[in-house]
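Reading the structure
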Amino acid sequence: MAAVGLVLAVAAVTIVLGRRRALPPAPPAPALPAEPAAEAAEPAAASEAESAEPEVAQLETPEPPASRLSRLRRRLSASNNPFARGLLGLLAADRLDAEAWEDLEATLITSDLGVGPTDELITALRREVAIDGVADPAKAREVLRAELLKLIGTDTDRSLRVTGADGKPGVILVVGVNGTGKTTTIGKLSRVLVADGHTVLLAAADTFRAAAADQLQTWGSRVGVRVIRGAEGGDPASVAHDAVAAGIEEGVDVVVVDTAGRLHTKTGLMDELGKIKRVIDRLAPVTEVLLVIDATTGQNGLAQARVFAEVVDVTGIVLSKLDGSAKGGIVVPVQRELGVPVKLIGLGEGADDLAPFEAEGFVDALLGES
């Protein structure tokens, strides 16, 4: 029996060993990745996470003011401005007879130059160009340019006061009737300031129009300018206060404050604007009060200017929409009425269609001179 058991055991071992040789060899165990490979996987994962985040919109670079001037000058010269068209048509005549002088006078008055400035200009032209009953159109053009520059003023300081005292921001308060393009002008003004290298903060203190705050938000986001806004229908002075306080804390160069343009009653307007200015002055003095006037409204715009001049101390005028449908003569009477200069003009709907006003460039554009 022992011998039989031994034979059976040997046979079993032989069968097992045979099966093992018949089985295919097991695949080698995968090697663990080396440490550097594991480190390389981390940036890849981070890259995937970054690509999943929303892309940040690229900020726009506003056009420099210097190039704006030449572009806007060309646009004004090429437009159908009735002021320019009437003057050039008359000065192109072979002779300036009595009828031509009357036509010129009518053109100047209907171009919103005003009766007083028109009389001054006609008198000066007659005196300079009428020699022995013969008028020289070329001479008339030369004198017209000189007299227009005299009316508009070439030695007036038209710079924006954007620097505050004691390291505080300059504060620009912008006023004007709703519909004049005031909020859009502020958006464009922020681009002018950014193009000049200033840091800017906007205050949406026209809390009666939610659209006004939304507009400023859109304009500001395009050039990296932050907007301080409050609740719809909230206290405008509170928004202005918060914006100026933030401007001081953040060390920005300029804070531009939008205001409501309602003209229901002069008393209500005076109270509201007066309160805003007093609240701002406690933090940092207002350095500039800009009145936005729609140039296409002519004498109506002049009437609005009178009201605002009685409410706040206007320091400068912005003529918006001074394009082909406007009458360029409004520049003269509005300056005379308020005793302050036109500082900025808008000649289109483009983002950079706002530029510093330059008397010589404006007159040369009206007269079609390069």
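As shown above, the structure is provided for reference.
Along each chain, numbering runs from 1 in the same order as the chain's sequence is written. For a predicted model such as this one, the threshold for reporting local features is a pLDDT of at least 70, and the threshold for listing and counting side-chain atom pairs is 80 or more; totals across whole chains, interfaces and linings nevertheless cover every residue. Excluded from the side-chain calculations are hydrogens and water; all other atoms, namely the structure's heavy atoms, are used.

Focus: the overall build of the chain
Secondary structure elements follow DSSP: runs of H or I no shorter than four residues count as helices, runs of E no shorter than two count as strands, and numbering proceeds from the N terminus. Counting its secondary structure elements, the chain contains 14 helices and ten strands. Within the chain, buried positions represent 45% of all 370 residues. The contact rule is simple, with two residues in contact once any of their heavy atoms fall within 4.5 Å. Across the chain, contacts joining residues at least 24 apart in sequence account for 78% of those joining residues at least 6 apart. Per-residue accessibility takes into account occlusion by the displayed protein chains alone, with areas from the Shrake-Rupley method and a 1.4 Å probe. As presented, the chain carries roughly 18700 Å² of accessible surface, and 55% of it is formed by carbon and sulfur atoms. Buried means the residue's accessible area, taken with a 1.4 Å probe over protein chains only, is under 20% of the maximum for its type, while exposed means over 50%, and partly exposed covers the values in between.

Side note on the sheet that holds strand E3 (residues 170-175)
At least two DSSP bridges between two strands are needed for those strands to be called paired. The strand order across the open sheet built from eight strands is E5-E4-E6-E3-E7-E8-E9-E10, with neighbouring strands paired in mixed fashion. A single partner strand is all that each edge strand has here, and the edge strands are strand E5 (226-229) and strand E10 (354-356). Averaged over all neighbouring strand pairs, the angle between strand axes comes to 25°, with direction disregarded. The pairing of strand E4 (residues 200-204) with E5 spans four bridges and is parallel. Considered in E5, the bridge of Ala203 is made with Ile228. A fitted line through C-alpha atoms serves as each axis, taken over the contacting stretch for helices, and the angle formed by two N-to-C directions is quoted from 0 to 180°. Strands in contact with helix H10 (residues 236-250) are E3, E4, E5 and strand E6 (254-258); relative to E5, the strand with the most contacts, it is inclined by about 145°.

Overview of a negative patch on the surface
Nonpolar side chains (Val, Leu, Ile, Met, Phe, Trp, Tyr) within 5 Å and like charges within 9 Å form the patches, drawn only from residues with over 30% relative accessible area and no salt bridge. We count a salt bridge whenever a side-chain nitrogen from Lys or Arg sits within 4 Å of a carboxyl oxygen from Asp or Glu. Only four residue types enter the tally: Lys and Arg on the positive side, Asp and Glu on the negative side; His and the chain ends are excluded. Charged groups are reduced to one reference atom each: NZ for lysine, CZ for arginine, CG for aspartic acid, CD for glutamic acid. There is a patch of like negative charges on the surface, built from Asp97, Glu99, Glu102 and Asp103. With respect to the helices and strands, the residue Asp97 is situated in the loop between helix H4 (82-91) and helix H5 (98-110).

Digging into the pairing of strand E8 (residues 316-320)
Where burial is concerned, most of E8 is hidden: five out of the five residues are buried. Burial of E8 is two-sided: the residues Gly316, Val318 and Ser320 facing one way and the residues Ile317 and Leu319 facing the other way are all buried. Sheet topology places strand E7 (residues 288-294) next to E8; five bridges connect them, and they run parallel. Pairing of Ile293 across the sheet is with Leu319, part of E8. On the question of chirality, the crossover connecting E7 to the parallel E8 by way of helix H12 (residues 299-311) is right-handed. Taken together, the three bridges between E8 and strand E9 (residues 342-346) define a ladder with parallel strand orientation. Within E9, the position partnered with Val318 by the bridge is Leu344. Handedness of a crossover is defined as follows: with both strands directed away from the viewer, a clockwise route from the first strand across the helix to the second makes it right-handed.

Examining helix H9 (residues 210-223)
For an α-helix, 3.6 residues make a turn, and residues three or four places apart therefore share a direction. Within H9 the residues assigned to the buried category are Ala212, Ala213, Leu216, Trp219, Gly220 and Val223. For H9, the buried positions fall inside an angular range of 130° around the axis, keeping them on one side. Contacts from the buried residues of H9 go to helix H8 (182-195), E4, E5 and E6. Positive backbone phi, approximately 75°, marks Gly224, located one or two places after H9. Here the arc refers to the directions that run from the helix axis out to each C-beta atom.

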